[in-house]
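Next come the chains, spelled out residue by residue.
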Amino acid sequence: MRHSGFYRRISEYLASNCYVLAIFALFIVVRTFSRFEYITLGGDTCNYLSIARNFPWHRLYNMELYLVHPPPFGYAIAFFNILFPLFASGLIVALLFAFLSFWAVWKYASNCGLKCFGISGALLYLGLNGTLAGFDSHVSRVSMLFFLTAMSLLCFDTYLRTCSKTSLLCVFVFNSLALLSSDQALSILPAQLVLALFSWKRLKIKEIGALFLFSLISYSIWPLVRLYIYLSNDFYPAGIDGTIEILKPIDVKSVIQPNFLPFTNMHRSCFTSTDMSLKSLDIIGALGKIPADILFLPKILSACLVSMLAALSLCRSAIKKNPQILALWIVSAILYIPCFFGMNVWYGMGMAIPFALILGEGTEQLFEIIKFKAKYFSVLTIVICISLSVLWILGLGGNGVNTALRPVGGKNFIFCRKTLTRGEAAVKYFPAQKEDECWMAPVTFTPEMLYLREGKWIALPFDVELLEPIILEYKVAYIVLTDEFMAKSDNPILRRAVHLDVVSHILSHPERFANAGEWIEKYPDCYASRKIYLFKIIYVEKK
């Protein structure tokens, strides 16, 4: 009897939530199948994999402590690397956090009182969001931070509704994990403050004050590590892709985020905003970057659909006199603040959590207007999800070239796709690297080189006058270049930011930098063909 009751409850649960399971199946298909046979590795993906390979020391450039990103994501990859290959472990971690995020948003939507229409709207936005799917299907810590943000908001919402000490403890745990994982998680605290202010009747100021205080103490751990390194060194590979940064005088902003270190800030400012000053404020541009790209739909239609549902949510807020929807709008804006100042969209991806709930409210309002009967809804959702999953695997979803953040439907399963890394053919011909010598490559190329060839690597400096001092200090033996860094430009800022003057100096001094080999690499897709050069640094022995 006891067993029959258990199985009956399970069957009832599955029957009442079958539409959610169908959306989750579509969510999985979109992230695990692709049109392209190859998956590109570069940038932070290579950094995370190299960090995991060096577990538990969190070492990267010049085999020194890596300061840009804290350890949790690399540690998570290293944990799975006990049983699985390195790259597969990275994918497992990214996908696992993505799947957990789906559950967290589902639970959050239920907390907010959404019914089947609203829950489906929120989860379909999450599942078919092209930007999110792109991050989730690559080795990226975005999925981990997204999950931790979702859990922080969910547990805080639960705490406000129940005043439970257990929920408060869960908030502290997830706040701390998020803040220990990324500086971007700082926006969680003002978002939670807004939610608390909209629940002022149940507000316990001392408990919430203690929560924020201990969360900030947890956050301070990694900036204090950075500060210790900055105080202990005059220069250090603390910048982008192993750039040697001059650390004195110490700038407080660079302690909070190494992107503010001078050379890194100079490089990044050529391609994206690097500060949050009023001169960088670009509200119109930020609205254009909102993750509103729904797979299977043209961009214009996606934007119109998302805008309509968002507008309906505001109507619902007015009709139902529900301040919760207004709170979600404000929280979305807070989590999206970096993008308002021109930063890349991944800095504001957390906004998709409350924004999904906003669209869920709009979806619920839409179905109330058209008076759609709920008893047909589950069947309709299941049919739609199965149809879209089949279309995706047949390659009829998405379009474009093979890039990291452009998911395109197809039959290639994610764990069966081949990896493609710039320089992977050339490194086979490089001479063996001695334990005490360091190698150099340009920014944006050092992550690939370090991933393919474990050892001491640092980035080329941006200024010619720093080249020789760094070579001598770090005992650099070889420099690896590609033809893309040999281009011509009349823009002095760009020439500096992409090493053109430094590379020109190397090419014009063959007595110091001897050509040790050239290789042409042709890639099946993703990248244009490249010529890779290896230069040996000639040291003249003093008599």
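Up top is the structure.
Residues numbered from 1 in each chain as written. Predicted model: local features only at pLDDT ≥ 70, side-chain atom pairs only at ≥ 80, totals over all residues. Heavy atoms only, no water.

J.: Mind showing me how you'd approach the overall build of the protein chain here?
T.: Within the protein chain, the secondary structure is distributed over 24 helices and eleven strands. Computed over the C-alpha atoms, the radius of gyration of the protein chain is 25 Å, within 12% of the 24 Å expected from 2.2 N^0.38 for a compact globule of 543 residues. Dimensions of the protein chain, computed from C-alpha atoms along their principal axes, come out at roughly 90 × 55 × 55 Å. The buried share of the protein chain, taken over its 543 residues, is 54%. Long-range contacts, defined here as pairs at least 24 residues apart, represent 71% of the contacts in the protein chain between residues at least 6 apart. Accessible surface, the protein chain: about 24800 Å² in total, of which carbon and sulfur atoms supply 66%. Computing the positive centroid from 49 side-chain charges and the negative centroid from 37, the protein chain places the two 12 Å apart. (Helix = DSSP H or I, 4+ residues; strand = E, 2+ residues; numbered from the N terminus. Rg over C-alpha atoms; globule rule 2.2 N^0.38 Å. Buried < 20%, exposed > 50% of the residue type's maximum accessible area, 1.4 Å probe, protein only. Contact = heavy atoms within 4.5 Å. Areas by Shrake-Rupley, 256 points an atom, 1.4 Å probe, with all protein chains shown as cover. Lys, Arg positive; Asp, Glu negative; His and termini not counted. Charge placed at Lys NZ, Arg CZ, Asp CG, Glu CD.)

J.: How should I be thinking about the sheet that holds strand 9 (residues 476-482) in this particular structure?
T.: Strand-to-strand pairing in sheets goes through backbone hydrogen bonds, with the strands running parallel or antiparallel. Spatial strand order, 8-7-9-11-10: five strands in an open sheet with mixed pairing. The sheet is open, and its two borders are formed by strand 8 (456-459) and strand 10 (513-521), each paired with just one other strand. Taken over all neighbouring pairs, the strand axes of this sheet differ in orientation by 25 degrees on average, direction set aside. As paired elements, strand 7 (residues 438-441) and strand 8 share four bridges and run parallel to each other. Each residue of the ladder has a partner; that of methionine 440, found in strand 8, is isoleucine 458. (Pairing = 2+ DSSP bridges. Axes fitted to C-alpha atoms, helices over the stretch in contact; angles between N-to-C directions.)

J.: Where do I start with the packing of aromatic side chains in this structure?
T.: The full count for this structure, using the stated rule, is 32 aromatic pairs. Taking 4.6 Å as the distance between ring centres and 5 degrees as the angle between the ring planes, the aromatic pair formed by phenylalanine 117 and phenylalanine 367 counts as stacked. On the criterion of sequence distance, the pair formed by phenylalanine 117 in helix 6 (residues 116-128) and phenylalanine 367 in helix 19 (residues 352-370) is long-range, its members being 250 residues apart. For the pair phenylalanine 117 and phenylalanine 367, a shared accessibility class is recorded, and that class is buried. With a centroid separation of 6.4 Å and an interplanar angle of 80 degrees, the aromatic rings of phenylalanine 172 and phenylalanine 214 are classed as edge-to-face. (Phe/Tyr/Trp six-rings, centres within 6.5 Å; stacked < 30°, edge-to-face > 60°.)

J.: Please explain the pairing of strand 11 (residues 530-537) as it appears in this structure.
T.: The side chains of a regular strand alternate between the sheet's two faces. Pairing analysis gives five bridges linking strand 9 to strand 11, with the strands arranged antiparallel. Within the sheet, the bridge partner assigned to tyrosine 478 lies in strand 11 and is lysine 536.

J.: Just checking my understanding: could you explain the nonpolar core for this structure?
T.: Buried together is how nonpolar side chains tend to be arranged in soluble globular proteins. By size, the foremost hydrophobic cluster in this structure holds 109 residues, and its most contacted members are Ile77, Tyr108 and Phe156. In terms of residues, this core owes the most to one element, helix 8 (residues 142-162), which gives 14 residues. Discounting chain neighbours no more than four positions away, the residues touching isoleucine 77 are Tyr48, Leu49, Ala52, Leu86, Ser89, Gly90, Val93 and Val139. Grouped together as the second largest cluster of nonpolar side chains are 43 residues, Val68, Phe445, Val476 and Val502 included. (Core = buried A, V, L, I, M, F, W, Y, C linked by side-chain atoms within 4.5 Å.)

J.: Explanation requested: the pattern of salt bridges in the structure shown.
T.: Opposite charge on two side chains allows them to pair when their charged atoms are near. What the rule picks out here adds up to 18 salt bridges. A network of salt bridges, in which partner residues are shared, links Arg422, Glu448, Asp483, Glu484 and Arg530. (Salt bridge = Lys/Arg side-chain N within 4 Å of Asp/Glu carboxyl O.)

J.: Just to check I follow, could you spell out helix 14 (residues 262-269) for this structure?
T.: Along an α-helix, residues three or four positions apart point the same way, because every turn accommodates 3.6 residues. Every buried residue of helix 14 is accounted for by Phe263, Thr264, Met266, His267 and Arg268. Along its buried surface, helix 14 packs onto strand 4 (245-246), helix 22 (464-474) and helix 23 (492-497).

J.: Whenever I open this one, unusual backbone geometry confuses me. Can you help?
T.: Excluding glycine, a negative phi dihedral is what most residues carry, and trans is how most peptide bonds are arranged. Note the cis peptide between phenylalanine 55 and proline 56, where omega equals 5 degrees. By the element assignment, proline 56 lies in the loop between helix 3 (44-53) and helix 4 (72-80). For the bond running from lysine 248 to proline 249, omega is -5 degrees, close enough to zero to count as cis. Examined against the element boundaries, proline 249 turns out to sit in the loop between strand 4 and helix 13 (252-256).

J.: I keep staring at the packing of helix 6 against helix 20 (residues 377-393) and nothing clicks. Help me out?
T.: Contact pair helix 6 / helix 20: the axes reach a minimum separation of 11 Å and the direction vectors enclose 10 degrees. Accordingly, the angle class assigned to the pair helix 6 and helix 20 is roughly parallel. Residues Cys116, Phe117, Ser120, Leu124 and Leu128 of helix 6 form the contact with helix 20, whose own contacting residues are Phe377, Thr381, Cys385 and Leu388. For the contact of helix 6 with helix 20, a count of residues per class yields seven nonpolar, two polar and no charged. (Parallel < 35°, antiparallel > 145°, perpendicular 65-115°, else oblique. Nonpolar A, V, L, I, M, F, W, Y, C, P; charged D, E, K, R; others polar.)

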